[in-house]
Amino acid sequence: MVAGARRRAFRDGDRQIDTAHLLHTLLESDPRARAAFAGGPPQIARLLGYLAQRAIGYGVQWSGSVEDSGARRRMRPRDLRGIQGAQGGGRSGWSPAAVAAMGAATARARVRGALRAEGPDLLAALAGDPECRAVEVLRRAGVDTELLVAALDGEMRQQSTT
């Protein structure tokens, strides 16, 4: 996932991986994450359309700016352990909001008793940060982010009881 987001950021001419890069890579590579969307394939296609247009129109306002939704400041240091570049934030090649999303995904995985975060963990973390770029894209495509997080939380509870 990280390698795909890094390639996408480079292709887009961005200095940092941000939450929209993570969302784009997640939608392209994780069938479980795609399955979480109530709008099904049409909604996924709309999302991918917005994300693909990033370099040629939609999202141009983000060019050259650092994404910082403030979520990173709300993270516990233990949730950031093991995330390469977490301490550097904006200087590391990761936006502070992307670092926070990776930390939140890791924390979700720990709650499930898993060693590693999976696609649905990252999707819930992205959708749970109302000020990040990924949520801006999700909302523009008509996704109810609160409903999405609730559905992913329900899936997580279901997995932990089986």
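The shown structure was predicted, so the numbers you read here are calculated from the model rather than taken from an experiment. (Residues numbered from 1 in each chain as written. Predicted model: local features only at pLDDT ≥ 70, side-chain atom pairs only at ≥ 80, totals over all residues. Heavy atoms only, no water.)

## Focus: the overall build of the protein
Consideration 1: In terms of helices and strands, the protein carries nine helices and zero strands.
Consideration 2: Taken over 162 residues, the protein has a buried fraction of 49%.
Consideration 3: For the protein, the proportion of contacts with a sequence separation of at least 24, taken over those separated by at least 6, is 64%.
Consideration 4: If you sum the accessible surface of the protein, you get close to 8300 Å²; carbon and sulfur atoms cover 52% of it. (Helix = DSSP H or I, 4+ residues; strand = E, 2+ residues; numbered from the N terminus. Buried < 20%, exposed > 50% of the residue type's maximum accessible area, 1.4 Å probe, protein only. Contact = heavy atoms within 4.5 Å. Areas by Shrake-Rupley, 256 points an atom, 1.4 Å probe, with all protein chains shown as cover.)

## What to know about the environment of Ala52
Consideration 1: Take Ala52: it is sitting in helix 4 (residues 40–52).
Consideration 2: On a C-alpha basis, the gap between Ala52 and His24 in space is 8.2 Å, while along the polypeptide they are 28 residues apart.

## Some points on the packing of helix 2 (residues 19–29) against helix 7 (residues 119–127)
Consideration 1: The contact between helix 2 and helix 7 brings their axes to 11 Å, and the two run at 145°. Once helix 2 is placed against helix 7, the crossing between them reads as left-handed. Contacts between helix 2 and helix 7 involve Thr19, Leu22, Leu23 and Leu26 from the first element and Gly119, Leu122, Leu123 and Leu126 from the second. (Axes fitted to C-alpha atoms, helices over the stretch in contact; angles between N-to-C directions. Left-handed = near helix turned anticlockwise from the far one by under 90°.)

## Topic: the pattern of salt bridges
Consideration 1: This structure, assessed with the given rule, holds six salt bridges.
Consideration 2: In this structure, the salt-bridge partner of Glu28 is Arg8, at a minimum N-O distance of 2.8 Å. Of this pair, Glu28 sits in helix 2 while Arg8 sits in helix 1 (residues 2–12), and the two are 20 residues apart along the sequence.
Consideration 3: What makes Arg8 buried here is its relative accessible area of 12%.
Consideration 4: For Arg32, the salt bridge goes to Glu118, with nearest N and O atoms at 2.7 Å. One end of the pair, Arg32, is in helix 3 (residues 31–35); the other, Glu118, is in the loop between helix 6 (96–112) and helix 7, with 86 residues separating them in the sequence.
Consideration 5: Given a relative accessible area of 35%, Arg32 falls into the partly exposed group.
Consideration 6: Beyond isolated ion pairs, a larger network of salt bridges with shared partners links Arg108, Arg112, Asp121 and Asp153. (Salt bridge = Lys/Arg side-chain N within 4 Å of Asp/Glu carboxyl O.)

## Here's the deal with the confidence of the model for the protein
Consideration 1: Of the residues in the protein, 72% reach a pLDDT of 70 or more, and the chain-wide mean stands at 81.
Consideration 2: For residues 85–91, every residue scores under 50 in pLDDT, and the model assigns this stretch 15 contacts once sequence neighbours within four places are set aside. (pLDDT = per-residue confidence, 0-100.)

## What to know about helix 2
Consideration 1: Where burial is concerned, most of helix 2 is hidden: nine out of the eleven residues are buried.
Consideration 2: When helix 2 is considered as a whole, its buried residues turn out to be Thr19, Ala20, His21, Leu22, Leu23, His24, Thr25, Leu26 and Leu27.
Consideration 3: Looking at the packing, one finds that the buried side of helix 2 touches helix 1, helix 3, helix 4, helix 6, helix 7 and helix 8 (133–140).
Consideration 4: Sitting at the head of helix 2, Asp18 places a side-chain oxygen 3.0 Å from the backbone nitrogen of Ala20. (Polar contact = N/O pair within 3.5 Å; in protein donor to acceptor, adjacent residues only side chain to side chain.)

## With respect to the environment of His24
Consideration 1: Counting through the fold element by element, His24 comes out in helix 2.
Consideration 2: For His24 and Gly49, which are 25 residues apart along the polypeptide, the C-alpha to C-alpha distance reads 9.9 Å.
Consideration 3: Residues in contact with His24, not counting those within four places in the same chain, are Arg8, Leu48, Leu51 and Ala52.

## Notes on the packing of helix 4 against helix 8
A packed helix pair is summarised by two numbers, namely the angle formed by the two axes and the spacing between the axes.
Consideration 1: Closest axis-to-axis distance for the helix 4/helix 8 pair is 9 Å, and the angle between their directions is 130°. Overall, the two elements helix 4 and helix 8 adopt an arrangement that is oblique. Crossing handedness for the pair helix 4 and helix 8: right-handed. Here helix 4 contributes Leu47, Tyr50 and Leu51 to the contact with helix 8, which in turn contributes Val137, Leu138 and Arg140.
Consideration 2: The class makeup of the residues in the contact of helix 4 with helix 8 is five nonpolar, no polar and one charged. (Parallel < 35°, antiparallel > 145°, perpendicular 65-115°, else oblique. Nonpolar A, V, L, I, M, F, W, Y, C, P; charged D, E, K, R; others polar.)

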